[in-house]
Amino acid sequence: MKLSEIYTFLDNLSPFDTQESWDNSGLLLGDKDNEISTVYLSLDIDESIVDAVSENSLIITHHPLIFKALKNLSGMEYPKAFIKELMKKNISLISMHTNYDLSHLNAYFVEEILGFKIAFKDEFLIYVDDFISFKALCDLVKEKLHVPILRVSDCGKKDIKRLAICTGSGGSFIPRLDADCFLSADFKYHQALEAISNKISLIDLGHFESERYFSQCLAKDLKNLPLQVIITVSKNPFQYF
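Just so it is clear, the model here is predicted, and its values are computed rather than measured. (Residues numbered from 1 in each chain as written. Predicted model: local features only at pLDDT ≥ 70, side-chain atom pairs only at ≥ 80, totals over all residues. Heavy atoms only, no water.)

1. Details of the layout of surface pockets
The computed volume of the largest pocket comes to approximately 600 Å³. With 3 residues, helix α7 (residues 207-211) is the single largest residue contributor to the lining of the largest pocket. By residue class, the composition of the lining of the largest pocket is 12 nonpolar, 6 polar and 7 charged. The volume enclosed by the second largest pocket comes to roughly 320 Å³. If you trace the second largest pocket, you find 20 residues lining it, with Trp22, Thr98, Ser169, Gly170 and Phe173 closest to the centre. Put simply, the parts of the chain that give the lining of the second largest pocket at least two residues each are α4 (98-113), β8 (159-169) and α7. The biggest single contributor to the lining of the second largest pocket is β8, with 4 residues. Residue composition of the lining of the second largest pocket, by class: 4 nonpolar, 11 polar and 5 charged. (1 Å grid on protein atoms, 1.4 Å probe; cavity = no way out; pocket = protein on both sides within 12 Å on 5 of 7 lines; lining within 4 Å. Points joined across faces, edges and corners; volume = space filled by probe spheres on them. Helix = DSSP H or I, 4+ residues; strand = E, 2+ residues; numbered from the N terminus. Nonpolar A, V, L, I, M, F, W, Y, C, P; charged D, E, K, R; others polar.)

2. Overview of unusual backbone geometry
A negative phi holds for most residues other than glycine; trans holds for most peptide bonds. Of note, the amide linkage connecting tyrosine 78 to proline 79 takes the cis form, showing an omega dihedral of 0°. Within the fold, proline 79 resides in the loop between β3 (58-61) and α3 (80-88). Residue glutamate 123 is not a glycine yet carries a positive backbone phi of 55°. For glutamate 123, a relative accessible area of 55% translates into the label exposed. The phi dihedral of lysine 199 is positive, around 60°, even though this residue is not glycine. Within the element layout of this structure, lysine 199 appears in the loop between α6 (189-197) and β10 (201-204). Residue class for lysine 199 comes out partly exposed when judged on its relative accessible area of 49%. (Buried < 20%, exposed > 50% of the residue type's maximum accessible area, 1.4 Å probe, protein only.)

Shape is all these values report; function is a separate question.
Dropping the structure here:
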């Protein structure tokens, strides 16, 4: 398939014009006339992925490799070194970030990974009505995400009747929440204070842990295209001790 055809398919699946204004989703590297037979799916790009991908292929990532404006490609600091290597191998790159959160990833994470039934959606927020204790909810999240510990903020409510869930960094949504507990990632200190004041408990899922399912989610929609689709395993930049 031509890169332009793949881009059009992805745009119909999850329109790029729905991304947040600060985002940089879309076609980041590659000529739209390129012929593509192999697609690699990954949360991010790291050294192992750059080394592993075959020439003339396409990488589709969740997080954009090029985020802030680049004034030059001199030097080997991140992300310039990766960009140079990808260009040497004629690798095309498309990123599907906040547009895909909105259209697919948040719902997939809630239903397929956590096993909840969606009550309703409010843009990037997904709400679940489920009567559960805070401790039981924490135990369930650790089991589903296969993590040994969680970073939480407990406002003191014994029972949780409504959950709000957002993959990635959702702390900015705290002022508008209508929930007893918020599951997201990358919460800041002042956001935890705000949540406690608003009687909302927080469970920090971890950014990687909540979005690592991007590849398997997107792969379902690519399986009928005439492409070899390879899911790559991204590495968490953080470890637990």
